[in-house]
Amino acid sequence: MSRPGSAAKGGLMTAKPTSSHKARINVIYYSMYGHVATLAKSIAKGAEAAGAEVRLIQIPETLSQEVLAKMYAPEKDTAVPTITFGEASDNTVTLEDALVNCDGIILGFPTRFGGMPAQVKAVWDATGGLWMKGALVGKPLSIFFSTGSQGGGQETTALTSLTNFIHHGMLFVPLGYSTPLSGNMDEIHGGSAYGAGTYAGSDGKRQPSELELKIAEHQGTFFTQTATALKIGRAALPPKEASPPDPKPEEGHKKHDRPPSAKK
């Protein structure tokens with residue numbers, strides 16, 4: 001028996017969806033030095049190859065320009081719109097637009113001591129209103145990441161981020177070993193069963209390798225196929241069964257403006 005994904009140079013490939021079932025995929029990322037941004041473009045390439053309509057969206061920076069300059073961080077790509085927590089203006093999209101108005105999300109971020117960076121956590125900490133409406137229930141999500149070294153959090157960064165998505169009732173779509181490229185032992189490379197990844201090196205000079213970019217591209221394709229299948233399946237269901245459950249509190253219960261876990 002052949003390994004999953006071995007039929008097409010390490011990537012599962014199926015017929016592209018019809019226009020009525022074209023999945024809308026948002027590739028949302030935070031990148032300080034550009035490593036995650038580079039992976040994001042390969043992710044988007046793979047998603048588009050599978051027939052998706054793709055939007056690249058950046059997570060806003062929280063550090064000052066002074067601090068970023070001291071850290072030798074390059075300028076962000078101004079061609080990619082950034083999430084705003086207020087009303088959308090030039091080259092920005094609202095938080096709700098970024099997270100809700102799509103059929104699936106592929107989220108990328110670097111590690112900070114084995115976990116999600118504050119910039120990304122700020123986005124999920126602002127989703128209490130979406131949680132109350134159940135706006136993300138049943139939405140598929142996948143992740144990719146960057147660390148400084150092999151033991152720098154390629155798996156812990158993924159694991160510690162899952163609680164945010166699970167509380168929203170999202171469907172986590174891991175990369176698994178859906179491509180034999182993930183098991184390549186000929187060279188050191190980032191990524192794991194949780195998602196594509198890269199190593200930046202202790203000085204940040206290492207850039208994503210060709211192998212890492214191919215795995216990222218495969219993830220975009222693999223995720224899009226999953227999101228498209230969900231979209232087609234839900235379209236075939238009666239509207240009531242296809243919709244996520246209504247999370248409104250039962251009559252007589254006090255309505256919370258934030259998740260109960262956030263009330264301290």
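Residues numbered from 1 in each chain as written. Predicted model: local features only at pLDDT ≥ 70, side-chain atom pairs only at ≥ 80, totals over all residues. Heavy atoms only, no water.

In the nomenclature of an unreviewed UniProt entry, the protein chain is known as Flavodoxin-like domain-containing protein of Adineta steineri. Within the UniProt record for the protein chain, the comment given under Sequence similarities (unreviewed entry) is "Belongs to the WrbA family." (UniProt positions renumbered as here; feature names shortened; annotations may be inferred.)

With that settled, the discussion passes to helix α4 (residues 118–125). For α4, the set of buried residues is Gln119, Val120, Val123 and Trp124. End-on view of α4: buried residues confined to an arc of 140 degrees, all on one side of the axis. Exposed positions of α4 whose direction lies more than 90 degrees from the buried face are Ala118 and Asp125. Those residues of α4 that are buried lie in contact with α3 (95–100), β5 (104–110), β6 (140–147) and α6 (156–167). (Buried < 20%, exposed > 50% of the residue type's maximum accessible area, 1.4 Å probe, protein only. Helix = DSSP H or I, 4+ residues; strand = E, 2+ residues; numbered from the N terminus. Arc of directions from axis to C-beta. Contact = heavy atoms within 4.5 Å.)

What follows covers the packing of aromatic side chains. Scanning the model with the defined rule gives one aromatic pair in all. Judged by centre distance (5.1 Å) and plane angle (70 degrees), the rings of Trp124 and Phe165 are edge-to-face. Pair noted here: Trp124 is in helix α4 and Phe165 is in helix α6, with a separation of 41 residues, a long-range link. A relative accessible area of 5% means that Trp124 is categorised as buried. Accessibility expressed as a relative area gives 2% for Phe165, which makes it buried. (Phe/Tyr/Trp six-rings, centres within 6.5 Å; stacked < 30°, edge-to-face > 60°.)

This brings us to unusual backbone geometry. Even without a glycine there, the phi angle at Asn91 is positive, about 60 degrees. In this structure, Asn91 sits in the loop between β3 (82–84) and β4 (92–94). We note that Phe113 has phi near 55 degrees; this positive angle belongs to a residue other than glycine. Inspection of the secondary structure assignment puts Phe113 in the loop between β5 and α4.

What follows is about the pattern of salt bridges. Two side chains bearing opposite charge may form a pair once their charged atoms approach each other closely. This model, assessed by the stated rule, comprises ten salt bridges. Of the charged contacts, one joins Asp97 and Arg55 as a salt bridge, the two residues approaching to 3.1 Å between their closest N and O atoms. Of this pair, Asp97 sits in helix α3 while Arg55 sits in strand β2 (residues 53–58), and the two are 42 residues apart along the sequence. Via salt bridges that share partners, Arg24, Asp103 and Lys231 belong to a single interconnected network. (Salt bridge = Lys/Arg side-chain N within 4 Å of Asp/Glu carboxyl O.)

Below, the discussion takes up the pairing of β5. Judged by how many residues are buried, β5 sits mostly within the fold: seven of seven residues are covered. Here five bridges tie strand β1 (residues 24–29) to β5, and the two strands are oriented parallel to one another. When the sheet's bridge partners are listed, Tyr29 is paired in β5 with Gly108. Pairing of β5 with β6 involves six bridges; the strand directions are parallel. Bridged to Ile105 within β6 is Leu141. (Pairing = 2+ DSSP bridges.)

Mapping Thr127 onto the fold places it in the loop between α4 and α5 (128–133). Here Trp124 takes part through its backbone oxygen, which lies 2.6 Å from a polar atom of the side chain of Thr127. Aside from chain neighbours lying at most four places away, what touches Thr127 is Leu95, Leu99 and His168. (Polar contact = N/O pair within 3.5 Å; in protein donor to acceptor, adjacent residues only side chain to side chain.)

Moving on, we get to the environment of Leu213. Tracing the backbone shows Leu213 in helix α7 (residues 210–236). Residue class for Leu213 comes out buried when judged on its relative accessible area of 18%. Along the sequence, Leu213 and Ala40 sit 173 residues apart, while their C-alpha atoms lie 9.2 Å from each other. In this view, Leu213 contacts Thr38, Leu39, Ser42 and Pro208; residues no more than four positions away in its chain are not counted.

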